[in-house]
Structures are given as structure tokens and as C-alpha cells.
Amino acid sequence: MVRAVQILFSLLSPYLPLHTTDKMPSVQEIKSIAIVGAGSAGLAMLKTILDLPDNTKDKLRFVLYEEREDVGGIWLPNAHEVVPPEIPETPLYPLLQTNTPRVLAYHRRYATKYNLLPHILFRHRILDARWTGESENGKWNVTILDAEGLRRSEFFDHLVVATGNNHIPRIPTWNGQDDWLSYTPPGRHHRELLHSVYYRGPKRFENLTVLIVGGGSSGRDIANQIVSVTNKTYISLRHESEVVDEVKQLPQIAYFTSGGVVFDDGTRLDPDVVVLATGYQMRKPFLEEGHAITADPLKKNRTNDELVTNLRYIFPLYRHILSLCPSYPPNALAFIGLPSAIANCPSDLAQSLFTVHAIIQPEILPSRPQLLQELEKQEAIVRQRGFDPYVRGHELLNGTSSDYQDDLIEFLKAKNVIPNNGKKYVEGWRRDIFGYNYLKRGWKRIEQLGQENEWLRGVETEEQWARLMARVNEWEKEWEEDNGVRYVRDFDLAG
């Protein structure tokens, strides 16, 4: 699930305006661009195009397709509950620990303020997209199911995929799992195993024994919500971590038997329900349907340069954005919003700026072999930090998310396509927040004390918000140290 704290930090600052320059060349021929997805990534890309000078923008034909009825992406709630194998339109649940209506309203206001809506076709689902023609002279043939249920095809020079990463659940399996599911002891709740994407609230878990698998944001949030109503709540983690006090931690699952779950240390448990907070597969179904990407979960290297997803990592991509598949030009297929462990709204805009300029000024890009060499260097850095890039995927290394965004913008400045204003793209306070491990607990204590209005008085500008966050973090740190409170890392902070 999206880290709520990162969303909050993103919303504290509006999207930065697109910087243009008098040296911006006019596009010599009409270029067509299809954007897929009206969440924060797709809206950022659309606004970036609309911010171009008129003599450039007028040479572009662009449209954004959204399969749902409104903007917002995963922040647009489900109209109805579904059961497997149908997948919910969003993993959003009513008690998600963030101000969901505010986030959704922000997307709507943003789309209205910048006049994005006339360029969005709602209830238009992309069924498949395939490249037709030669590697340097072709187009994307995009098949669309429109709002009236009619199927049609459109052709585009450039395809921008901004469909989010939290849709198709990653569901691990264990030996003996089917045996456990097929037998429920007399008098017990019918055994269940479900992914967190189907979680909608704690009520269905009342008086049950529940095992949660996974300690990410969703796993910890669900544990926090259900622990007061369950008979007992357990959480299975790869490494020991800080979780809710009343929740018992267990190691990884080794296997199932008809009598229950066996863990790596030999511990046994027979829960009523197993909730898999195990994340999501990196899948783009309409690209798979069009044979533009191959899904191979065993793939962990580039044997050729076809576009592949191993369900964790899409490769080869330049800077997590541009596909380097040789079947089409390097700027023909772009992904916005793949990186995680990052404040997504500013990152989406930085990626959009990079993508737009790569489309209208393809000459700024090095050759494909050079782009591949840079990708190999980046993957080598990940390995040096002790991770496999083909497993870690698009999760940025801790401490690198700000540099990632800055590097995208500095590249454009170095190519003289946007002005060099001497400032970093990521403001200082945005870098600082990743060290604010006391901020969330501090604000929670302020709310408990009923002091919100006192702290918020006079806070209006971005600079004032930045100072407020620093003050709250330091205030809480001093209080916890003075009162002997055991330090707890805020796992929602990563960047």
C-alpha cells in the first residue's frame, strides 16, 4: 500500500511549475501521445504537456485514458466490495490511516485548477497496446474499450504508462497450503487465506485468530486495526521489527499442514484466517496483451533487450522511465510512477518533465548503448549496497530518492532545455523529513492533548509548514528522551 506519510509530505507542497526556456524548439511535425491512468502520475504528465509553450504544445496530439469514473487513482474508493478472483479497483479501505477524502479532493482540485479534465476520457479501458512498424518508424496500436462498451483502435507515436503499482496482488504459496484450506476443524470458523487488497475493515475478524504475513505499511496498519477485536493477532516477519504491542511476532512460514502453520523456528499455529500483506506484482496487463512486455517471474538478468517484468522489476528501463527495448525508439514508451520509497507527487512531476523533453527533443538522449551502460552502472550500485536489483525492483535505496529527482532535472539543465536557476529540485525541507522519526508520534500526542489549533496557528506557507514539522519532531524527541521512552523507528519514512 502507498505510504501515507509520503503522500502527506507530497501534498504539503504544490507541484512545481514547468520551467521553460526561450530556446525551446518548436516541434516540426505532429507527435501523438497517449497517457494511461489519471492518478498523480498521469495528472503530472498531462499538466507538464499543457504547460509547454503554445508553439510546441500545438504540435502535439495528446489524450489521457482512465478506466474509472474520476481522477485519483488508488485514492478513488471502490463503489462495491468484490471477492476473489475479481480484484478490487483499489486497495483503499475505509480506515486507512490517512486523510483519504483530503487526498482525493486534492487530485480533483488539481485537475480542475489546471484544466486537465477536457483532455481526459473517463471509463475508457486500454485492452492492449502493441508496437507496429519498424524500430525507428512505427506507432503504438492501442485498443480501447470506451464508455459505451465499444472497442476501437487508435495510433500514437508515444505511450506513457501511469497506471500505478498497487493492483494485482502478490500471493505466495507454501507446501501444504491446500491441505490446510480444505479442512476446517468442527466448530471452528471456516479457514480463509486472503490478500490484504480485499481488506475493508476489522469487523469480519471479530473473535478470530488471525495471522498476518508481511510487515510493510499494510500489514502493520491492519494489525493495528484488528488487534482489539480478534481473539489473537500474530504477524509473520522476515526480520524482527517494531509492531503493535499486543501483536505477537513470528518468523517466516516454513509450510502448512492440515493442522496449521509451521514456522521456520518450528513454532506451530492454527489460525482462522491468514492475511497476506505481501505486496503487489509489477504487471501491466495491456502491454502483456500486446506482447510489448513479457512476464517472466524467474528472470533476473538481461539475456536480450526485450522488455520484461519479473513481477518485481520492469527492465531494461533508463532511470526507471524509458524502455530500452530495441523494437522502438527510446522515447516511445515511458513509465511514470514506478519508483517506491519516494515522495511520489514531486517525483511524478520530475519524471514527467524528463519524459516530455525526451519526446519533443529526442536528441538530448544519449545512444541506446550508452543508456544501457548507465543502467548497468545503476544496477551495480544497488548490488554494492547488498541488494539484487532484480528483486528490489524500483524501490530506491535509502537516502537516494532526493538525488534521483535532482538528477533528472539536472540532466535537463545540462542539456540547456530548462533554465539553470542554481537551485536543487528537491527543497531542503523535503530532504530533512526523511530523518523526522518522531514527527508522526509527536503529532499524535498533540492531537491527544487537544493542541492542534495552537500549533497550527499562523501556519500557511510551505516554509511555515516546513518549520512546523521540524519543531514537532524535535519537541517529541526531547519529550521521549526525557521520559525514557524506547526509541521506535518510523518505518513509513524511506527516501
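All values reported here derive from a predicted model rather than from experimental measurement.

*Asks:* Run through the pattern of salt bridges, naming residues and quoting values.
*Replies:* Evaluation of the coordinates by the stated rule reveals 23 salt bridges. Note that Arg-302 is salt-bridged to Glu-376, the shortest N-O span being 2.7 Å. Here the residue Arg-302 occupies a position in the loop between β16 (294–295) and β17 (308–309), and Glu-376 occupies one in helix α9 (residues 368–384), the gap between them amounting to 74 residues. Judged by its relative accessible area of 40%, Glu-376 falls in the partly exposed class. Here the residues in one salt-bridge network are Arg-188, Arg-191, Asp-270 and Asp-272, joined through shared partners.

*Asks:* Mind laying out the pairing of strand β7 (residues 158–161), listing which residues take part and the relevant values?
*Replies:* Residues of β7 alternate between two faces, with His-158 and Val-160 on one and Leu-159 and Val-161 on the opposite face, all of them buried. Note: strand β1 (residues 31–36) against β7, four bridges, orientation parallel. Bridging from a neighbouring strand, Val-36 pairs with Val-161 of β7. Pairing between β7 and strand β21 (residues 333–335): three bridges, direction parallel. Along β21, the bridge assignment pairs Val-160 with Ala-334.

*Asks:* Please provide a residue-by-residue account of the sheet that holds strand β4 (residues 125–133), values included.
*Replies:* What the three strands build is an open sheet, ordered β4-β5-β6; its pairing is antiparallel. Looking at the sheet topology across the chains shown, the edges are occupied by β4 and β6 (151–156). Here the average twist between neighbouring strands, direction ignored, is 25°.

*Asks:* I'd like a rundown of the confidence of the model for the protein, residues and numbers included.
*Replies:* The predicted model of the protein has a mean per-residue pLDDT of 91, with 92% of residues at 70 or higher. Across residues 1–22, where pLDDT falls below 50, the model places 80 contacts with residues more than four positions away in sequence or in other chains.

*Asks:* Which residues make up the packing of aromatic side chains, and what values do they have?
*Replies:* Aromatic ring pairs are defined here through the distance separating the ring centres and the angle between the ring planes. Scanning all chains against the criterion turns up 17 aromatic pairs. Ring centres of Trp-174 and Phe-256 lie 5.7 Å apart, and the angle between their planes is 45°; on these two criteria the pair is classed as tilted. A residue pair is termed long-range when its members are at least 10 positions apart, and Trp-174 in the loop between β7 and α5 (177–182) and Phe-256 in strand β12 (residues 253–257) qualify at 82 residues. One exposure class covers both Trp-174 and Phe-256, and it is buried. For the ring pair Trp-180 and Phe-256, a centre distance of 5.5 Å and an interplane angle of 55° mean the geometry is tilted. Here Trp-180 is found in helix α5, whereas its partner Phe-256 is found in strand β12, with 76 residues between them in sequence. Exposure remark for Trp-180: the relative accessible area of 0% places this residue in the buried category. Taken together, Tyr-93, Tyr-199 and Phe-205 form an aromatic cluster joined through their ring pairs.

*Asks:* Residues and numbers for the sheet that holds strand β10 (residues 232–236), please.
*Replies:* Strands belonging to one sheet form pairs held by backbone hydrogen bonds; the direction of such a pair is parallel or antiparallel. Pairing is parallel in the open sheet, where five strands are placed in the order β8-β15-β9-β10-β11. Edge positions in the open sheet fall to β8 (192–195) and β11 (248–250), since each of these has one partner strand only. Pairs of neighbouring strands in the sheet enclose a mean axial angle of 25°, with direction left out of account. Helix α6 (residues 217–226) contacts β9 (209–213), β10 and β15 (273–276) of the sheet and is inclined by roughly 165° relative to β9.

*Asks:* With reference to specific residues and values, describe α6.
*Replies:* Three or four residues apart is the spacing at which side chains of an α-helix point the same way, because the helix has 3.6 residues per turn. α6 sits mainly inside the fold: nine of its 10 residues count as buried. Inspection of α6 places Ser-217, Ser-218, Gly-219, Arg-220, Asp-221, Ile-222, Ala-223, Gln-225 and Ile-226 among the buried residues, and these make up the whole buried set.

*Asks:* Could you give me a rundown of the pairing of β12, with the residues and numbers involved?
*Replies:* Of the strand pairs in this sheet, β12 and strand β13 (residues 260–263) are connected by four bridges, and their pairing is antiparallel. In the sheet register, Phe-256 faces β13, and the bridge partner there is Val-261. In this antiparallel pair of consecutive strands, β12 and β13, the connection spans two residues.

*Asks:* Go over the environment of Val-426, please, and point to the residues and values.
*Replies:* You can see Val-426 is positioned in the loop between α11 (401–414) and α12 (428–432). Residues Val-426 and Ala-350, 76 residues apart in the sequence, show an inter-C-alpha distance of 9.8 Å. Residues contacting Val-426, with those up to four places away along its chain left out, are Ser-402, Gln-405, Asp-406 and Arg-431.

*Asks:* Go over unusual backbone geometry, please, and point to the residues and values.
*Replies:* The omega torsion across Pro-84 and Pro-85 is 10°, close enough to zero to call that bond cis. Along the chain, the position of Pro-85 falls in the loop between β2 (60–66) and α4 (100–113). Along the chain, Phe-315 connects to Pro-316 via a cis peptide bond; the corresponding omega equals 0°. Among the secondary structure elements, Pro-316 is positioned in the loop between β18 (314–315) and β19 (317–318).

Here is what the cut-offs are and how they apply
- Residues numbered from 1 in each chain as written.
- Predicted model: local features only at pLDDT ≥ 70, side-chain atom pairs only at ≥ 80, totals over all residues.
- Heavy atoms only, no water.
- Salt bridge = Lys/Arg side-chain N within 4 Å of Asp/Glu carboxyl O.
- Helix = DSSP H or I, 4+ residues; strand = E, 2+ residues; numbered from the N terminus.
- Buried < 20%, exposed > 50% of the residue type's maximum accessible area, 1.4 Å probe, protein only.
- Pairing = 2+ DSSP bridges.
- Axes fitted to C-alpha atoms, helices over the stretch in contact; angles between N-to-C directions.
- pLDDT = per-residue confidence, 0-100.
- Contact = heavy atoms within 4.5 Å.
- Phe/Tyr/Trp six-rings, centres within 6.5 Å; stacked < 30°, edge-to-face > 60°.

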